[in-house]
Amino acid sequence: MMPLFKRLLSSFLLFALAVPAWGQQDTLHITVANGIASATPIVVVPFHNETVGPPPTTDVSRIVRMDLARSGRFRVLDQADIVEYPSRGNEIKFATWKLLNQDYIVVGHVKDAGQGAYQIGYELWNVNTGKQLFAGTYLADANQMRDAAHQIADRIYQQIIGVPGAFYTRIAYITVVGVGKHTRYSLVVADSDGYNPQVVVRSHEALLSPAWAPNGKELAYVSFETGDSAIYIQNLATGARRQVSARKGINGAPAFSPDGTRLAMSLSYVGNPEIFIMDLATGKLTRLTHNYSIDTEPAWMPDGKHLVFTSDRSGKPQLYEIPANGGDPTRITFQGSYNADASIGPKGNKIAMVQGNGNVYRIAVMDRSLNDQEHFVSPGDYDDSPSFAPNGSMLLYAATDGLRNVLYAVSEDGKVRQRLVLPDGDVRGPAWGPLRKPWPCRQTAPSACSKTPVATTTTGNP
């Protein structure tokens, strides 16, 4: 794998960057790469099964436990060290958990709710004060148990940390399987932990650069299905899509504005790659950059008034900021000889990027509120495509692992990493989706929150 900025340019000229991969699955497998001891201690007691028949196949408490652990903000007590199993607050012996140095405890139970549905009751307690912080109930069908678990974890995260959790979100990524003429590209949407993958587009031609609309209902991406690059926007529920740019030369790096009304992109029909903004209602293009360099990878600031992009106008790729209504760009990165592919945190003060020195490319995070201090969150040697979680607590990025491309989910401080790997293929180009609205079905019938499946589009003859 070569650095992303170079790959982007070469991919438009000749898409030959893929390492051969084998297999037919799109599900990511997750392993913990490293953890952290200095985090908030919490115990999630296995939820008591109170169903009449066999227990649900989905272990809600295990998913909650894994969500909290991978955030990097919690040190979750290992299940093997749990010595008591309360299912409700009045069963908790707080002295036990104080001896085990736990600050918080989560208890719960699962009961039958009729018609194949389950009722999930859960409570969060402060061990040191013995006070309940909240309690709630979800009704869920069997295929909704993971969603319920992610929302429970979100609520715990927000109660203790003070910002919304991002476990009940989705990610998008590109998988590559097959060899030569049998290579197959898939754009996949999955839960934030890699489960429940659903293919959005399948193609024998290259797919890259997925970008979420802020409403979470659409994805923009680049496809080479016609032989040349083109940008599409696709509705996830219906599969309906529209081509928004197929101009001569490069059509790449789409990025939705925070209000979803505009799409920034890199186009080269004017002679060299420049940053443009398209009004999605009218199709009108506004050119932002005017330079004989390569300008690409636009990313919006949260206020929608500025963009950050990659340019080699100074000789090597660096990040620049430019007003969305036009103006002179300002260089914002100076550490490292190579800085590219910005991802902006939800508050706009943190910018993740690919930073290169020599032949090592790592993910760095710059904090603009702390005099542009930077820290690395990945070890290298060839890491790229950072994407912030919508609450800013974690990042996804792509990495080379031997001869394969894998993904990592890493806490914003870099102390907790999880490896997401396709069993028999390559995975790249991650994009973390926006926050989703909590279920409207707490304390209501499960049918009120039935999932809408993702529609699949097939191009060519895969």
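For clarity, every value in this text was computed on a predicted model and none was experimentally measured.

Trainee: When you look at the overall build of the protein in this model, what are you seeing that I'm missing?
Mentor: What the protein contains, in helices and strands, is 4 helices and 32 strands. Within the span of the protein, comprising 462 residues, buried residues form 55% of the whole. For the protein, restricting intrachain contacts to residue pairs at least 6 apart in sequence, the fraction spanning at least 24 positions comes to 48%.

Trainee: How do you make sense of the nonpolar core when you look at a structure like this?
Mentor: A general trend in soluble globular proteins is that nonpolar side chains are found buried together. Judged by nonpolar contacts, the single largest core of 34 residues is most densely connected at Leu-187, Val-200, Leu-219 and Leu-263. Mapped by element, the contributors of at least two residues to this core are β8 (170-177), β9 (184-191), β10 (198-203), β11 (207-212), β12 (218-223), β13 (230-235), β16 (262-267) and β17 (274-279). Setting aside its immediate chain neighbours within four residues, Leu-219 contacts Ala-172, Leu-187, Val-189, Val-200, Ala-211, Trp-212, Tyr-232, Ile-233, Gln-234, Leu-236 and Phe-256.

Trainee: Explanation requested: the pairing of strand β29 (residues 404-411) in the structure shown.
Mentor: Successive side chains on a regular strand alternate, one facing one side of the sheet and the next facing the other. The buried count for β29 comes to 7 of 8 residues, which makes it a mostly enclosed element. Sheet analysis places strand β28 (residues 394-401) next to β29, joined by 8 bridges and oriented antiparallel. Bridging from a neighbouring strand, Leu-396 pairs with Ala-409 of β29. Between β28 and the antiparallel strand that follows it, β29, lie 2 residues; Gly-402 among them carries a positive phi value of about 70°. Relative to strand β30 (residues 417-421), β29 runs antiparallel, the two sharing 4 bridges. The residue of β30 that forms the bridge with Ala-409 is Gln-418. Two successive antiparallel strands, β29 and β30, enclose a turn made up of 5 residues, where Gly-414 displays a positive phi of approximately 80°.

Trainee: Would you explain the sheet that holds β16 in this entry?
Mentor: Pairing between the strands of a sheet comes from backbone hydrogen bonds, and it takes one of two forms, parallel or antiparallel. If you trace the 4 strands from one edge of the open sheet to the other, you get β15-β16-β17-β18, paired in antiparallel fashion. This sheet does not close on itself; its edge strands, each paired only once, are β15 (251-256) and β18 (285-287). The mean inter-strand angle of the sheet, taken between neighbouring strand axes irrespective of direction, is 25°. Sheet topology places β15 next to β16; 4 bridges connect them, and they run antiparallel. By the bridge assignment for β16, Ala-255 is matched with Ala-264.

Trainee: Quick question: what am I supposed to make of the sheet that holds strand β22 (residues 330-331) here?
Mentor: In space, the 4 strands of this open sheet follow the order β19-β20-β21-β22, with antiparallel pairing throughout. The open sheet is flanked by β19 (295-300) and β22, the only strands paired with a single partner. Pairing of β19 with strand β20 (residues 306-311), which is carried by 4 bridges, proceeds in the antiparallel orientation. For Trp-300, the partnering residue across the bridge sits in β20 and is Leu-307.

Trainee: In this structure, what is going on with the pattern of salt bridges? I would like to understand it.
Mentor: Pairs may arise between side chains of opposite charge once their charged atoms sit close together. Under the definition given, this model contains 10 salt bridges. Residue Asp-67 pairs with Arg-70 through a salt bridge whose shortest N-O separation is 3.1 Å. Of this pair, Asp-67 and Arg-70 both sit in helix α2 (residues 60-70), separated by 3 residues, roughly a single helical turn.

Trainee: Explanation requested: the packing of aromatic side chains in the structure shown.
Mentor: Note on aromatic pairs: each is described by the distance of the centres and the angle between the planes. Applying the stated criterion across every chain yields a total of 11 aromatic pairs. We note Arg-241 situated over the ring of Tyr-232; from NZ or CZ to the ring centre the distance is 4.1 Å. Seen from the ring of Tyr-408, Arg-417 lies directly overhead, with NZ or CZ sitting 4.5 Å from the centre.

Trainee: Would you take a moment to explain the environment of Pro-214 for this structure?
Mentor: Tracing the sequence through the fold places Pro-214 in the loop between β11 and β12. Here Pro-214 falls in the partly exposed class, since its relative accessible area comes to 36%. Between the C-alpha atoms of Pro-214 and Asp-259, which are 45 residues apart in sequence, the distance is 6.8 Å.

Rules used in this analysis
- Residues numbered from 1 in each chain as written.
- Predicted model: local features only at pLDDT ≥ 70, side-chain atom pairs only at ≥ 80, totals over all residues.
- Heavy atoms only, no water.
- Helix = DSSP H or I, 4+ residues; strand = E, 2+ residues; numbered from the N terminus.
- Buried < 20%, exposed > 50% of the residue type's maximum accessible area, 1.4 Å probe, protein only.
- Contact = heavy atoms within 4.5 Å.
- Core = buried A, V, L, I, M, F, W, Y, C linked by side-chain atoms within 4.5 Å.
- Pairing = 2+ DSSP bridges.
- Axes fitted to C-alpha atoms, helices over the stretch in contact; angles between N-to-C directions.
- Salt bridge = Lys/Arg side-chain N within 4 Å of Asp/Glu carboxyl O.
- Phe/Tyr/Trp six-rings, centres within 6.5 Å; stacked < 30°, edge-to-face > 60°.
- Lys NZ or Arg CZ within 6 Å of the ring centre and 35° of its normal.

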